[in-house]
Amino acid sequence: GDIVTVLQCSVENLELPMEQDSLEIEQNDDGSESFKCVDIIVSEWMGYFLLRESMGDSVIRARDKFLKTKTGLMLPSHTTMYVAPVVDEDERKTNNNEYASAMSDWHDFQQTTNTVYGVDMTCLEKGFDKEQKDYYMLSSRWTELRTDAMLAEPKVIQEYDMMTCTVDDARGIEADDPMGTFDFEINGTRQSGPVSGLAGWFTADFKTRTDSLMTVDTPPMSHPAFLSTGPENGYTHWGQQTFYFLSSIPLLKGETTQLTGRLEMMRTKENSRLYNCRIAYTASRRREEEEKEGALLMKSGPFSQIYQIP
């Protein structure tokens, strides 16, 4: 019968028993030594908002070293990242109130320390304030949003073909990546606001290869599968990562609010498995009967904030 062999090590240090198990090796076109004897790589490498934890790097390295180039399969085969404006004022206000409460406690502590011990803690206030603000207001939150929390159709901000993406591709979303831009139109008559922030999530496909290296011998996926971690899918382990604005954007009846900007996602300097996310945007309003390039009633911003993805 079939035998499952468990090899306990990191994939970067993995050595497959090719001769021992008589594994069929796909030869490299240039005649160099090949270790490509793997037909399928299955890995649950996806983190919050897809990239957090940076587990994709190891999977890509395993693919490049072991997977058969012309007939091998990656599962999942394709992944896609989305963002959408959402309304979730209860959570946004809770975060703001907890920040305000933390600073109120600090001021009480600062005054008491000065009064009782004669110690002035003023020099520490700026650092403490930044720490609390980063934690309560500038960190994304794991959320399980309802479908009606979305205020516009989601925008694709990154796509990965797992047969062709590189380690550099998986590092994040660069500032000059055209896919990282968004332009949302929200009708204040049809949608109840305000805009509390942006939510991000991902989907994963398990389907037939679409890259240029596939051949007639590449096996098709006769029963493709699809995973979504978006609000429409209910609870998943990954949920959505919601980036709450410091101030919400009101939606007014009879007017269309346009939210344009870009999202940049980069690994932190302190920990390569964690990410920061820069969101820059402007908001404008016009009468709903106006064309998209018509006269504006107001335009705000630009605003830019860097969020941690904890």
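A brief structural summary. (Residues numbered from 1 in each chain as written. Predicted model: local features only at pLDDT ≥ 70, side-chain atom pairs only at ≥ 80, totals over all residues. Heavy atoms only, no water.)

## So, the overall build of the protein chain
So, point 1. Secondary structure assignment for the protein chain yields three helices and 12 strands.
So, point 2. Relative to a compact globule of 310 residues, whose C-alpha radius of gyration would be 19 Å, the protein chain shows 24 Å and is clearly more extended.
So, point 3. For the protein chain, the C-alpha atoms occupy an extent of roughly 75 × 65 × 35 Å along the three principal directions.
So, point 4. For the protein chain, the proportion of its 310 residues judged to be buried stands at 44%.
So, point 5. The long-range share in the protein chain, meaning contacts at least 24 apart out of those at least 6 apart in sequence, stands at 77%.
So, point 6. A total of about 17100 Å² of accessible surface is found on the protein chain, and carbon and sulfur atoms cover 50% of it. (Helix = DSSP H or I, 4+ residues; strand = E, 2+ residues; numbered from the N terminus. Rg over C-alpha atoms; globule rule 2.2 N^0.38 Å. Buried < 20%, exposed > 50% of the residue type's maximum accessible area, 1.4 Å probe, protein only. Contact = heavy atoms within 4.5 Å. Areas by Shrake-Rupley, 256 points an atom, 1.4 Å probe, with all protein chains shown as cover.)

## Some points on the sheet that holds strand β10 (residues 255-267)
So, point 1. The strand order across the open sheet formed by four strands is β6-β10-β11-β12, and the pairing between neighbours is antiparallel. Across the chains shown, the open sheet's two edge strands, defined by having one partner strand only, are β6 (181-187) and β12 (298-309). Averaged over all neighbouring strand pairs, the angle between strand axes comes to 20°, with direction disregarded. (Pairing = 2+ DSSP bridges. Axes fitted to C-alpha atoms, helices over the stretch in contact; angles between N-to-C directions.)

## Regarding the side chain of Thr113
So, point 1. On the secondary structure map, Thr113 appears in helix α2 (residues 89-117).
So, point 2. Polar side-chain contacts of Thr113 include one of 2.7 Å to the backbone oxygen of Phe109. (Polar contact = N/O pair within 3.5 Å; in protein donor to acceptor, adjacent residues only side chain to side chain.)

## Considerations on α2
So, point 1. The end-to-end C-alpha distance of α2, which contains 29 residues, comes to 41 Å, matching closely the 42 Å that a straight helix rising 1.5 Å per residue would cover.
So, point 2. Among the structural elements, α3 (125-136), β4 (141-143), β7 (195-206) and β9 (240-249) are those in contact with the buried residues of α2.
So, point 3. Positive phi shows up at Gly118, right after α2, with a value of about 70°. (Expected span 1.5 Å × (residues − 1).)

## Description of the packing of aromatic side chains
So, point 1. Considering all chains together, one arrives at 11 aromatic pairs under this definition.
So, point 2. Considering the side-chain rings of Phe182 and Phe184, the 5.5 Å spacing of their centres and the 25° angle between planes classify their relative orientation as stacked.
So, point 3. You can call Phe184 buried: its relative accessible area is 3%.
So, point 4. Between Phe202 and Trp238 the ring centres are 5.5 Å apart and the planes differ by 80°, which places this aromatic pair in the edge-to-face class. Here the residue Phe202 occupies a position in strand β7, and Trp238 occupies one in the loop between β8 (225-228) and β9, the gap between them amounting to 36 residues.
So, point 5. Residue class for Trp238 comes out buried when judged on its relative accessible area of 11%.
So, point 6. Grouping aromatic residues by their ring pairs yields a cluster made of Phe49, Phe243 and Tyr307.
So, point 7. Lying across the ring of Phe35, Lys65 places its NZ or CZ 5.4 Å from the centre.
So, point 8. Lying over the aromatic face of Tyr135, Arg141 brings its terminal NZ or CZ to 5.6 Å of the ring centre. (Phe/Tyr/Trp six-rings, centres within 6.5 Å; stacked < 30°, edge-to-face > 60°. Lys NZ or Arg CZ within 6 Å of the ring centre and 35° of its normal.)

## Focus: the pattern of salt bridges
So, point 1. As enumerated under the stated definition, the model contains 14 salt bridges in all.
So, point 2. Close ionic contact of Arg61 with Glu12 constitutes a salt bridge, the shortest N to O distance being 3.6 Å. A residue pair is termed long-range when its members are at least 10 positions apart, and Arg61 in helix α1 (residues 56-66) and Glu12 in the segment before β1 (40-42) qualify at 49 residues.
So, point 3. By relative accessible area, which is 40% here, Arg61 ends up partly exposed.
So, point 4. The exposure class assigned to Glu12 is partly exposed, which follows from its relative accessible area of 39%.
So, point 5. The closest approach of N and O atoms between Asp211 and Arg209, which form a salt bridge, is 2.8 Å. In this structure, Asp211 and Arg209 share a single accessibility class: buried. (Salt bridge = Lys/Arg side-chain N within 4 Å of Asp/Glu carboxyl O.)

## Things to note about unusual backbone geometry
So, point 1. The omega torsion of the bond from Gly193 to Pro194 falls at 5°, within 30 degrees of zero and hence cis.
So, point 2. Following the sequence through the fold, Pro194 ends up in the loop between β6 and β7.
So, point 3. Across the junction of Gly301 and Pro302, the peptide omega takes the value 10°, indicating a cis bond.
So, point 4. Looking at the secondary structure, you find Pro302 in strand β12.
So, point 5. Backbone geometry at Phe49 places phi at a positive 50°, although glycine is not the residue there.
So, point 6. Residue Phe49 is classed as buried on the basis of its relative accessible area, which comes to 2%.

Taken by themselves, the reported measurements are silent on function.
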